[in-house]
Amino acid sequence: MLVLIASTTAHAGDASARERIPINGGWRFHQGDPPGLSTRLDYDVRPKVTDNQDGKAADARPEEAEQVAAQAQGVLKPWILPSGNAFIGDPSRRHVRPAGDPGSDVPFVQPKFDDRAWQQVTLPHDWAIAGPFLREGPYGGMGRLPSWGIGWYRRKLDIPSSDRGRSVFLDVDGAMSYATVWLNGHLVGGWPYGYNSWRVDLTPHLKPGGDNQLAIRLDNPPDSARWYPGGGLYRNVWLSKVDPLHVAHWGTRVTTPQVSADAATIQLDATVDNDSGRSTDVEVATEIVALDESGQRTGDVVARIAPMRTSVAARSSATVTGTTTLARPRLWGPPPTQRPNRYVAITMVSRGGRIVDRYETPFGIRSVRFDANEGLIVNGERIVIRGVNNHHDLGALGAAFNVRAAERQLEIMRDMGANAVRMSHNPPAPELLELADRMGFLVVDEVFDSWERKKTPLDFHLIFKDWHEPDLRAMLRRDRNHPSIIAWSVGNEVGEQYTGEAGAAIAKRLHEIVREEDPTRPTTNAMNWAKPDMPLPAVLDVIGLNYQGEGIRDTPEFEGTERIRTPPQYPAFHARFPDKAIVSTETASALSSRGVYLFPVTKETSAPVRDGRGGDSKIRQVSAYELHAVDFGSSADKVFASLDRNPYVAGEFAWTGFDYLGEPTPYYDSRSSYSGIVDLAGFPKDRFYLYQARWRPDLPMAHLLPHWTWPRREGQVTPVHVFTSGDEAELFVNGKSQGRRKKGPYEYRLRWDDVVYQPGELRVQAYRNGKPWAEARTRTAGAAATLDLQPDRRQIRADGSDLSFVTLRILDRDGQPVPDAASLVEFSVEGPAEIVATDNGDPTDMTPFPSHQRNAFHGLALVVLRSKPGQAGTVTLRATSAQLQAAQSTVQVR
């Protein structure tokens, strides 16, 4: 578990010590600008949105940007652009800040403004997740939650006199979006892109020896995303204090150019900033220490990089490079065949023989390469990518990042057999990459969902020209030392796939930036339209295909459609680019609702969703037989067959691991997606076990669907499907065999489509190589009788952020789950924790997430408990429901 703590990397009492202090507490929040505001605080002029296209096809062709008349006067853009200067390679293209402090006359930025009536909040904070949901009108694509608008955050900073002469920075891990920062009434800077981490220098406007007033304004546009973006300071915020001579922001790069079991060469590049007014001679030395599984140092120094000397000019930077050799390195690699071992490089900057800065860089030693025929090779072993895509929201917790919630998601994915995550479609929270490093997940880190052409009227295309280089370099420098990252994705389904050489030129520029910052990893770009003979695929290192591998709308029923139609493309790309690896960056986009089984059941392996064919628009649910997908997608079965027919493909990233807020294809009146293998509450759908059977072939398992409680289906055909890691199985209804079936070539489920329902027991015995392998059974449930509560963790920390996820089940008198139970349940809690959210995984449920009342959805609901800071003791959670036996459970807070 990762814990957010202040860090000091020099000796206690040393005024030059590097300090990184979390400042997540003590904030005041207000939505909206001051009444009667006459000062313009817009970043730039935006086009007027006259046509909300909520619900348009996800693979609709991106459009050319709308031309907006330039208006240099009255916008903050000239003052914000310099915040990205450190990430612009060509010094001649860096921005000069105009004179003045726009907005200094706004009451909210002034130190004497009385903000006591504002809401008290603790970061990370998502201002929209509490709702209420918007039941009418558009914005289903953005999750039906009011994430857009203006938000202000204010906080006092107590800067002691001892900080005089130090450099002090505000580090923001993520702010949604168009952030502008004032300190003591002075405009400091900002950052438009809501997903990037960024820094502004507070030093010129600080007043050591007292309070300093920090004010941050966010301006989150409507129609700016195809999914729920969240709103607010939704990641951690830090205050960094350093000597004027210090390692630059994300200023180290660790590479391992030669790796074997016997020895590894470690190279470290360190950039040193000199914020002072005079040139300085410096010495930079580095020690390397092993980390344990939790990320703590263990043992003595295992290697040293000899001191390197250089001179750093006043208000400038210099970079030094050193190498060392480590004998018998502990390699980083993905489980279960490898272990995610890590080290930390401790870089010390000295001036005149005195250490003035210590900077820590966790890293891993591993050899990673892509091969056109073998796929991904990690430390000499072929690793098939078994990956998922995930958006950044954490379900009922929204966009506000929480380490335990993210860790739980990865644990669920690991149980399914996943070994990789694609960060769709933006830089993630840095702690998520730390989790991936620690747990051994492979990562494709992605930066943009759009370039110059737009997908929504107010998305990133508005600022791409000015900010693509700072945003890309910032992501690369922040993330390049994470051993989990195997590739950089510079775009997702961008409109420049359609613009020929012009689009390829943009891709080439982004590729070159990646090469300058990190020449050790390949570039890719997720393409859903570009074909092998087009210029764009030739530019990047790895071919990334969205849905094209198995084919897009490649059945006769889609003839004549205006949308993309593509026959299976793996062979064509492999033939055109015989030296490039292929990765399926998005596969499937299958759709289902947990616990909902609709009849009749299609005989097809993969089919689109229509009323009467896997979908019901009246109840806005999709059948959980797991045979249906979005029109441009495919079932998991079809994807598996396509990959098996083309074994040179490095693997897949399924869309998606979890349901996510927004983009609720095909029913845009809902709140959340249907594409997850796991629902929004974290409960596995049946598809989870189809992936588990494939991705964990050595795990004896069998899974039956549907449930066997159908009071109105007696005597009717009710197909039964089995997902198993075995190769054959025999099905029994009340002890009577329904036949023994064996998987054929390119078959991934066993089907008994003619079973007639009768109450009782459904049982399957799976076999492997003719021997019993696994068994599963389910019984017809009686009436709902009792509630049951099961925490995922019975001990949590009293840090104010640790969580326990508690599953509520509705059972009959015999303890059997009741699969169709929908009772309204009320939750209450006593002790040092609070209920922060409830959910049930139903994409149509518009009950606000903070509600302590929730209807079960197909027998399940979720309660999220959060510890209260500094308070220990026993937490008792109770659940009650009319005519059902109540339940309670306890969690210890320590």
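Residues numbered from 1 in each chain as written. Predicted model: local features only at pLDDT ≥ 70, side-chain atom pairs only at ≥ 80, totals over all residues. Heavy atoms only, no water.

Q: Would you explain the overall build of the protein chain in this entry?
A: When helices and strands are counted, the protein chain shows nine helices and 50 strands. In terms of overall size, the protein chain behaves like a compact globule, its C-alpha atoms giving a radius of gyration of 28 Å where 894 residues would be expected to give roughly 29 Å. Considered along the principal axes of its C-alpha atoms, the protein chain spans approximately 90 × 60 × 60 Å. The buried share among the 894 residues of the protein chain stands at 61%. Expressed as a percentage of contacts within the protein chain between residues at least 6 apart in sequence, the contacts between residues at least 24 apart total 73%. Here the protein chain has roughly 33,200 Å² of accessible surface; of this, 48% comes from carbon and sulfur atoms. A distance of 2 Å separates the average location of the 104 positive side-chain charges in the protein chain from that of its 110 negative side-chain charges. (Helix = DSSP H or I, 4+ residues; strand = E, 2+ residues; numbered from the N terminus. Rg over C-alpha atoms; globule rule 2.2 N^0.38 Å. Buried < 20%, exposed > 50% of the residue type's maximum accessible area, 1.4 Å probe, protein only. Contact = heavy atoms within 4.5 Å. Areas by Shrake-Rupley, 256 points an atom, 1.4 Å probe, with all protein chains shown as cover. Lys, Arg positive; Asp, Glu negative; His and termini not counted. Charge placed at Lys NZ, Arg CZ, Asp CG, Glu CD.)

Q: Could you clarify how one ought to interpret the pattern of salt bridges in this entry?
A: Any two side chains of opposite charge can pair, on the condition that their charged atoms come close. Summed over all chains, the structure comprises 71 salt bridges. For the salt bridge of Lys603 with Asp753, the shortest nitrogen-to-oxygen distance reads 3.9 Å. In this pair, Lys603 is assigned in the loop between β28 (582-588) and β29 (607-608) and Asp753 in the loop between β39 (750-752) and β40 (761-768), connecting sequence segments 150 residues apart. Residue Glu604 is joined to Arg613 by a salt bridge in which the shortest nitrogen-to-oxygen separation is 3.8 Å. Classification of Arg613 as partly exposed rests on a relative accessible area of 32%. One network of salt bridges, in which partners are shared, links Arg93, Glu469, Arg473, Arg477, Arg480, Arg509, Glu516 and Glu517. (Salt bridge = Lys/Arg side-chain N within 4 Å of Asp/Glu carboxyl O.)

Q: Would you explain the nonpolar core in this entry?
A: Where a protein is soluble and globular, its nonpolar side chains tend to be buried together. Core analysis: the largest hydrophobic core is formed by 206 residues, its most contacted members being Trp27, Trp152, Tyr153, Leu170, Leu202 and Trp451. Of the residues forming this core, the biggest block, seven residues, is contributed by helix α2 (residues 403-416). If we ignore the near neighbours within four places in the chain, the residues touching Leu202 are Leu157, Val168, Phe169, Leu170, Leu183, Val188, Leu214 and Leu239. One finds Ile796, Ile810, Ile835 and Ala861 within the second-largest nonpolar core, a separate group that totals 25 residues. (Core = buried A, V, L, I, M, F, W, Y, C linked by side-chain atoms within 4.5 Å.)

Q: Hey, could you run me through the environment of Thr361 in this one?
A: With respect to the secondary-structure elements, Thr361 resides in strand β18 (residues 354-363). What makes Thr361 buried here is its relative accessible area of 3%. If sequence neighbours within four positions are ignored, Thr361 has contacts with Thr252, Val254, Tyr343, Val344, Ala345 and Asn481.

Q: Explain the layout of surface pockets to me, please; I cannot follow it from the model alone.
A: A probe matching the size of a water molecule, rolled over the atoms, marks out where space remains unfilled. Roughly 1,200 Å³ of volume is contained in the second largest pocket. Lining the second largest pocket are 41 residues; nearest its centre among them are Asn85, Ala86, Phe169, Asp273 and Asp275. Elements with a minimum of two residues in the lining of the second largest pocket: β6 (167-172), β8 (186-191), β9 (198-201), β12 (245-259), β13 (263-274), β16 (316-327), α4 (464-479) and α5 (500-517). Here the lining of the second largest pocket takes six residues from β12, the largest share from any one element. Taken together, the residues of the lining of the second largest pocket sort by class into 14 nonpolar, 14 polar and 13 charged. (1 Å grid on protein atoms, 1.4 Å probe; cavity = no way out; pocket = protein on both sides within 12 Å on 5 of 7 lines; lining within 4 Å. Points joined across faces, edges and corners; volume = space filled by probe spheres on them. Nonpolar A, V, L, I, M, F, W, Y, C, P; charged D, E, K, R; others polar.)

Q: What is the right way to read the sheet that holds strand β26 (residues 523-527) from this model?
A: Sheet strands line up and pair through hydrogen bonds in the backbone, either parallel or antiparallel. Spatially, eight strands are ordered β22-β23-β24-β25-β26-β27-β28-β34 in a closed barrel, and the strand pairing comes out parallel. Put simply, the sheet's adjacent strands are angled 25 degrees from each other on average, direction ignored. In this structure, strand β25 (residues 485-492) lies alongside β26, joined through three bridges in parallel fashion. Residue pairing across strands places Asn492 opposite Ala526, the latter belonging to β26. (Pairing = 2+ DSSP bridges. Axes fitted to C-alpha atoms, helices over the stretch in contact; angles between N-to-C directions.)

Q: It is not clear to me how the packing of α2 against helix α3 (residues 430-439) should be interpreted in this structure. Could you clarify?
A: Each pair of packed helices can be described by the angle between their axes along with the distance between the axes. Contact geometry for α2 and α3: axes closest at 10 Å, N-to-C directions at 40 degrees. The pairing of α2 with α3 is recorded here as oblique in orientation. The way α2 lies across α3 gives a crossing that is right-handed. Across the interface between the two elements, Val403, Ala406, Glu407, Leu410, Glu411 and Arg414 from α2 touch Glu431, Leu432, Leu435, Ala436, Arg438 and Met439 from α3. Across the contact of α2 with α3, the residue classes tally to seven nonpolar, no polar and five charged. (Parallel < 35°, antiparallel > 145°, perpendicular 65-115°, else oblique. Left-handed = near helix turned anticlockwise from the far one by under 90°.)

Q: Just to check I follow, could you spell out the packing of α4 against α5 for this structure?
A: Between α4 and α5, the shortest axis-to-axis distance is 9 Å and the interhelical angle comes to 30 degrees. Classified by the angle their axes make, α4 and α5 are roughly parallel. Relative to α5, α4 is oriented so that their crossing is right-handed. Here Phe464, His468, Glu469, Leu472, Arg473, Leu476 and Arg477 of α4 lie close against α5, whose contacting residues are Ile506, Arg509, Leu510, Ile513, Val514, Glu516 and Glu517. Considering only residue class, the contact of α4 with α5 consists of seven nonpolar, one polar and six charged.

Q: Looking at this structure, how should I read the sheet that holds β18?
A: Taken in spatial order, the four strands of this open sheet run β15-β14-β17-β18, and their pairing is antiparallel. Each edge of the open sheet is held by one strand with a lone partner, namely β15 (297-312) and β18. Between one strand and the next, the sheet's axes are offset by a mean angle of 20 degrees, whatever the strand orientation. With nine bridges joining them, strand β17 (residues 342-351) and β18 adopt antiparallel strand pairing. Paired with Thr347 across the bridge in β18 is Tyr359.

Q: I'm lost on the packing of aromatic side chains in this one. Help?
A: Applying the stated criterion to the full structure yields 36 aromatic pairs. Look at Phe108 and Trp152: their rings are 5.3 Å apart centre to centre, the planes differ by 85 degrees, and that puts the pair in the edge-to-face class. One end of the pair, Phe108, is in the loop between α1 (77-80) and β4 (119-121); the other, Trp152, is in strand β5 (residues 149-159), with 44 residues separating them in the sequence. Each member of the pair, Phe108 as well as Trp152, carries the same accessibility label: buried. With 6.3 Å between their ring centres and 75 degrees between their planes, Tyr597 and Trp710 make a pair best called edge-to-face. Separated by 113 residues along the polypeptide, Tyr597 in the loop between β28 and β29 and Trp710 in the loop between β35 (702-705) and β36 (720-724) bring together distant segments of the chain. Pair check on accessibility: Tyr597 and Trp710 agree, each one buried. Directly above the aromatic system of Phe169 lies the positively charged group of Arg199, at a separation of 4.2 Å from the ring centroid. Its end group placed over the ring of Tyr746, Arg645 keeps NZ or CZ at 4.1 Å from the ring centre. (Phe/Tyr/Trp six-rings, centres within 6.5 Å; stacked < 30°, edge-to-face > 60°. Lys NZ or Arg CZ within 6 Å of the ring centre and 35° of its normal.)

Q: Explain helix α9 (residues 686-695) to me, please; I cannot follow it from the model alone.
A: An α-helical turn contains 3.6 residues, so any two residues separated by three or four positions project in the same direction. The buried fraction of α9 amounts to eight of the ten residues, a majority that puts the element mostly inside the structure. Along α9, the residues that are buried comprise Asp686, Arg687, Phe688, Leu690, Tyr691, Gln692, Ala693 and Trp695.

Q: Help me understand the environment of Ala629, please; the structure alone is not making it clear to me.
A: Inspection of the secondary structure assignment puts Ala629 in strand β33 (residues 628-629). We classify Ala629 as buried; its relative accessible area is 1%. For Ala629 and Gln73, which are 556 residues apart along the polypeptide, the C-alpha to C-alpha distance reads 49 Å. Aside from chain neighbours lying at most four places away, what touches Ala629 is Ala588, Ser589, Ala590, Leu591, Ala607, Pro608, Val609, Ser634 and Ser635.

Q: Any chance you could explain α5 here in plain terms?
A: Across its 18 residues, α5 extends 26 Å between first and last C-alpha, which sits within 8% of the 26 Å expected from 1.5 Å per residue. Within α5 the residues assigned to the buried category are Gly503, Ala504, Ile506, Ala507, Leu510, His511, Ile513, Val514 and Glu517. (Expected span 1.5 Å × (residues − 1).)

Q: In this structure, what is going on with the side chain of Asp753? I would like to understand it.
A: For Asp753, a relative accessible area of 15% gives the class buried. Reaching out from Asp753, the side chain makes a polar contact with the side chain of Arg751 at a distance of 3.0 Å. Ignoring any residue separated from it by four or fewer positions in sequence, one finds Asp753 in contact with Lys603, Val717, Pro719, His721 and Arg741. (Polar contact = N/O pair within 3.5 Å; in protein donor to acceptor, adjacent residues only side chain to side chain.)

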